[in-house]
Amino acid sequence: MAQQVSGSPFLKPFFLKSPVRVVSPLQQRRHTLPASEFRNLTPQDAISVFEIEREAFVSVSGECPLTLDEVLNFLSQCPELSLGWFEEGQLVAFIIGSGWDKERLSQEAMTQHVPDTPAVHIHVLSVHRHCRQQGKGSILLWRYLQYLRCVPGLRRALLICEDFLVPFYLKAGFKEKGPSAISVSNMHFHEMEYTIGGQAYTRRNSGC
């Protein structure tokens, strides 16, 4: 039913067919943000990346795989080897990689990016504490490996991990190459390898 709006007795009444709804700028912003987005990271994402990484790793091992400066360095030199998962504009999970040109990873691989190489070294995969135990790590890793199929020249993905993570990466399609030569604070690792080949499965926001 139309609503009559009355005011001054000297003004003629007029009618509104429906109430006026005022939308705040914040509501408009939320409405326009994608519910879920996968994209390469940029140096502007570095602080969010480091905060998630620090909370995830320091409480467990006391060490971050990457310092803030190293995060900034890799996101400046090789952003195409990173992938972030954003929900309503907020970073919830990420992977950072860099180029490597040797058969096995060495201590130098922890801080170096070698451009135009057939291998990517995956430095870190991390999920925000409020989004864990939801399968996001597996989903993001799958997306990342599919995305790497779209990057010209890449043939292998390498990483190091602790004993308890070996089954996770085996399930994702990695193979174990044996004990790693890299050690951090007396921690020892396994080196894992994934062979990149074939066509990527295309999905929304896959980047392919």
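This structure is a prediction, so every number in the text was calculated from the model and none was measured. (Residues numbered from 1 in each chain as written. Predicted model: local features only at pLDDT ≥ 70, side-chain atom pairs only at ≥ 80, totals over all residues. Heavy atoms only, no water.)

**Considerations on helix α4 (residues 136–148)**
- With 13 residues, α4 should cover 18 Å at 1.5 Å per step; its first-to-last C-alpha distance of 18 Å lies within 8% of that length.
- The element α4 is largely enclosed, with a buried count of 10 among its 13 residues.
- Among the residues of α4, Lys-136, Gly-137, Leu-140, Leu-141, Arg-143, Tyr-144, Leu-145, Gln-146, Tyr-147 and Leu-148 are the ones counted as buried. (Helix = DSSP H or I, 4+ residues; strand = E, 2+ residues; numbered from the N terminus. Expected span 1.5 Å × (residues − 1). Buried < 20%, exposed > 50% of the residue type's maximum accessible area, 1.4 Å probe, protein only.)

**Here's the deal with the packing of aromatic side chains**
- Applying the stated criterion across every chain, the model contains four aromatic pairs.
- Seen from their ring centres, Phe-38 and Trp-85 are 4.7 Å apart, and the 35° between their planes marks the pair as tilted. With a gap of 47 residues between them, Phe-38 in strand β3 (residues 37–39) and Trp-85 in strand β4 (residues 82–87) connect regions that are remote in the sequence. Across the pair, Trp-85 and Phe-38 agree in class, each one buried.
- Following the ring pairs from residue to residue traces out a cluster consisting of Phe-168, Tyr-169, Phe-174 and Tyr-194.
- Lying over the aromatic face of Trp-100, Lys-102 brings its terminal NZ or CZ to 5.4 Å of the ring centre.
- Cation over ring: Lys-136 sits above Trp-85, and NZ or CZ is 5.1 Å from the ring centre. (Phe/Tyr/Trp six-rings, centres within 6.5 Å; stacked < 30°, edge-to-face > 60°. Lys NZ or Arg CZ within 6 Å of the ring centre and 35° of its normal.)

**Quick look at the layout of surface pockets**
- A volume near 1000 Å³ is recorded for the largest pocket.
- For the lining of the largest pocket, the secondary structure elements donating two or more residues are α2 (46–61), β6 (119–127), α4, β7 (156–161), α5 (166–171) and β9 (187–195).
- The dominant element in the lining of the largest pocket, judged by the number of residues it contributes, is β6, at seven residues.
- When its residues are assigned to classes, the lining of the largest pocket shows 22 nonpolar, 12 polar and five charged. (1 Å grid on protein atoms, 1.4 Å probe; cavity = no way out; pocket = protein on both sides within 12 Å on 5 of 7 lines; lining within 4 Å. Points joined across faces, edges and corners; volume = space filled by probe spheres on them. Nonpolar A, V, L, I, M, F, W, Y, C, P; charged D, E, K, R; others polar.)

**Some details on the sheet that holds strand β8 (residues 175–184)**
- Taken in spatial order, the seven strands make up an open sheet running β3-β4-β5-β6-β7-β9-β8, and their pairing is mixed. Two strands lie at the open edges of the sheet, namely β3 and β8, each paired on one side alone. On average, each strand axis in the sheet is inclined to that of its neighbour by 25°, with strand direction left out of account.
- In terms of strand pairing, strand β5 (residues 90–100) meets β6 through eight bridges, oriented antiparallel. Each bridged residue has a counterpart across the sheet, and for Ser-98 the counterpart in β6 is His-121. (Pairing = 2+ DSSP bridges. Axes fitted to C-alpha atoms, helices over the stretch in contact; angles between N-to-C directions.)

**Topic: the nonpolar core**
- Ranked by size, the top nonpolar core spans 43 residues in total, and within it Ile-96, Leu-148, Ala-157 and Phe-174 carry the most contacts.
- Apart from the residues lying within four places of it in its own chain, the contact partners of Ile-96 are Leu-41, Val-49, Leu-66, Val-71, Phe-74, Leu-75, Leu-81, Ser-82, His-121, Ile-122, His-123 and Val-124.
- Counting 11 residues, the second largest nonpolar core, distinct from the first, contains Met-110, Ala-119, Ile-160 and Ile-182. (Core = buried A, V, L, I, M, F, W, Y, C linked by side-chain atoms within 4.5 Å. Contact = heavy atoms within 4.5 Å.)

**Overview of the confidence of the model for the protein chain**
- When pLDDT is averaged along the protein chain, the result is 84; 76% of the residues meet or exceed 70.
- Contacts of residues 1–30 to residues separated by more than four positions or lying in other chains number 14 contacts, the stretch itself having pLDDT below 50.
- Contacts of residues 203–208 to residues separated by more than four positions or lying in other chains number 14 contacts, the stretch itself having pLDDT below 50. (pLDDT = per-residue confidence, 0-100.)

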